[in-house]
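Notes for the structure review
Read off the chains here:
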Amino acid sequence: LRKNLELNRCDTVVALRYAVGDKHDVIEIAGEQVQGVGSGGEQVELRTIDSFELANVSLLKIDVEGFEDYVIAGAAKTIRDNRPLVIVEIQGGTTLESASPQQRQQIEHTIETLKDFDYEVINIGGHDYLALPQEREAEVTRKLNKAMAAGEDQSDKTLLVALAALMGAAVVLGGILLWRSRYA
């Protein structure tokens, strides 16, 4: 992440080396090229997103290879207080259609967890979902459709650029991207 930030001259992004979940602990994570937790490797501090006491969070991007529910549980106060848009890859790249029964149950549980925050959850392609606070759904959908219609490329990158146009600066925590509005 830090290397990519350097290469892309992203000087408004702060990379913090923490794992995020639903409690405070010290865990072992495998190297950056290998996905895995608890299988040996470097020790890192595990924190909740709520422990950062962030204000004005507009976007939460979660890509944590199957640990989504732990991250969401540890971000409950941040989600309730800030009502950010949430982009989440659920179950590390497994689509609902190709999921085993156990994976399907986990995907559906994560979606229901977000709905419990009064969010509308939309599949935006494959294993990626966009969760919108119900009170902002119409406004955000209109702006996203306008931004997406302006571009030819309908990839995830286009979606993030469209969201970036709506939001402000970013804070990144491991597989988590938190967008903090400049205007709030």
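Heads up: these notes are all about the structure in this document. Along each chain, the written sequence defines residue order, and numbers are assigned to residues from 1. Whole-chain, interface and lining totals are the exception, using all residues; otherwise, since this is a predicted model, local features are given only for residues with pLDDT of at least 70 and side-chain atom pairs are given and counted only at 80 or more. In computing side-chain values, all of the structure's heavy atoms are included and hydrogens and water are not.

**What to know about the sheet that holds strand S4 (residues 42-47)**
Strand pairing is defined by DSSP finding a minimum of two bridges between the two strands. What counts as a helix is a DSSP run of H or I of at least four residues, what counts as a strand is a run of E of at least two, and both are numbered from the N terminus. In space, the 3 strands of this open sheet follow the order S2-S4-S3, with mixed pairing throughout. The open sheet is flanked by strand S2 (19-20) and strand S3 (25-29), the only strands paired with a single partner. When S3 meets S4, the two strands line up antiparallel, connected through 5 bridges. Looking across to S4, one finds that aspartate 25 is bridged to leucine 46.

**Side note on the pattern of salt bridges**
The rule for a salt bridge is simple: a side-chain nitrogen of Lys or Arg has to be within 4 Å of a carboxyl oxygen of Asp or Glu. With the rule as written, the count across this model stands at 4 salt bridges. A salt bridge links aspartate 81 to lysine 77; the shortest N-O distance between them is 2.5 Å. Highlighted residues: aspartate 81 and lysine 77, both in helix H3 (residues 76-82), separated by 4 residues, approximately one helical turn.

**A look at the environment of valine 88**
Within the fold, valine 88 resides in strand S6 (residues 85-89). Under the scheme applied here, a residue whose accessible area is under 20% of the maximum for its type counts as buried, over 50% as exposed, and between as partly exposed, the area being computed with a 1.4 Å probe on protein chains only. Judged by its relative accessible area of 0%, valine 88 falls in the buried class. Between the C-alpha atom of valine 88 and that of aspartate 63, which follows or precedes it by 25 residues, the distance is 6.1 Å. By the convention used here, residues are in contact when the closest approach between their heavy atoms is within 4.5 Å. In this structure valine 88 touches Ile62, Glu68, Leu114, His127, Asp128 and Tyr129, once residues within four positions along its chain are discounted.

**Considering the nonpolar core**
Only buried residues count toward a nonpolar core. Its members are Ala, Val, Leu, Ile, Met, Phe, Trp, Tyr and Cys residues joined through side-chain atoms within 4.5 Å. Core analysis: the largest hydrophobic core is formed by 22 residues, its most contacted members being Leu60, Ile62, Ile79, Val86, Val88, Leu114 and Tyr129. Secondary-structure elements contributing two or more residues to this core are strand S5 (57-63), helix H2 (68-73), H3, S6, helix H4 (101-115), strand S7 (119-125) and strand S8 (128-133). Among the elements that line this core, the one with the most residues is H4, at 3 residues. In this structure valine 86 touches Leu60, Ile62, Leu114, Tyr119, Tyr129, Leu130 and Ala131, once residues within four positions along its chain are discounted. Ranked by size, the runner-up nonpolar core spans 6 residues in total, among them Leu59, Leu85, Ile87 and Val140.

**Side note on the pairing of S4**
Relative to S4, S2 is paired through 2 bridges, and the arrangement is parallel. When the bridges of S4 are listed, valine 20 appears paired with arginine 47.

**Observations regarding H4**
Compared with an ideal rise of 1.5 Å per residue, which puts 15 residues at 21 Å, H4 spans 21 Å between its outermost C-alpha atoms and is within 8% of the ideal. Each element contacted by the buried residues of H4 is listed here: H2, S6, S7 and S8. One less than the residue count of a helix, multiplied by 1.5 Å, gives the span that helix is expected to have.

**Some remarks on the packing of aromatic side chains**
For Phe, Tyr and Trp, where Trp contributes only its six-membered ring, two rings pair if their centres lie within 6.5 Å, and the inter-plane angle classes them as stacked under 30 degrees, edge-to-face over 60, or tilted in between. As enumerated under the stated definition, the model contains 2 aromatic pairs in all. Relative to phenylalanine 52, the ring of tyrosine 18 lies with its centre 5.5 Å away and its plane at 70 degrees, an arrangement referred to as edge-to-face. Of this pair, tyrosine 18 sits in the loop between strand S1 (14-16) and S2 while phenylalanine 52 sits in the loop between S4 and S5, placing them 34 residues apart in sequence. On the accessibility criterion, tyrosine 18 (25% relative accessible area) is partly exposed. Under the relative-accessibility criterion, phenylalanine 52 is labelled buried at 18%. Relative to tyrosine 70, the ring of phenylalanine 67 lies with its centre 6.1 Å away and its plane at 40 degrees, an arrangement referred to as tilted.

**Describing the environment of asparagine 82**
Inspection of the secondary structure assignment puts asparagine 82 in helix H3. For the pair formed by asparagine 82 and serine 58, sequence separation is 24 residues and the distance between their alpha carbons is 6.9 Å. Apart from residues lying up to four places away in sequence, asparagine 82 is in contact with Leu54, Ala55, Asn56 and Val57. The term polar contact refers here to a pair of N or O atoms within 3.5 Å; inside protein, the definition further demands a hydrogen-donor-capable atom paired with an acceptor-capable atom, and it admits residues adjacent in sequence only when both atoms are side-chain atoms. A polar atom in the side chain of asparagine 82 sits 3.1 Å from the backbone nitrogen of valine 57.

**A closer look at the side chain of glutamate 68**
Note that glutamate 68 resides in helix H2. As a buried residue without a salt bridge, glutamate 68 has its nearest oppositely charged side chain in lysine 61, at a separation of 9.4 Å. Ignoring anything within four residues of it in the chain, the contact list for glutamate 68 reads Ile62, Val88, Glu89, Ile90, Gln91, Gly92 and Thr110. By the counting scheme adopted, Arg and Lys are positive, Glu and Asp are negative, and His together with the chain ends is not counted.

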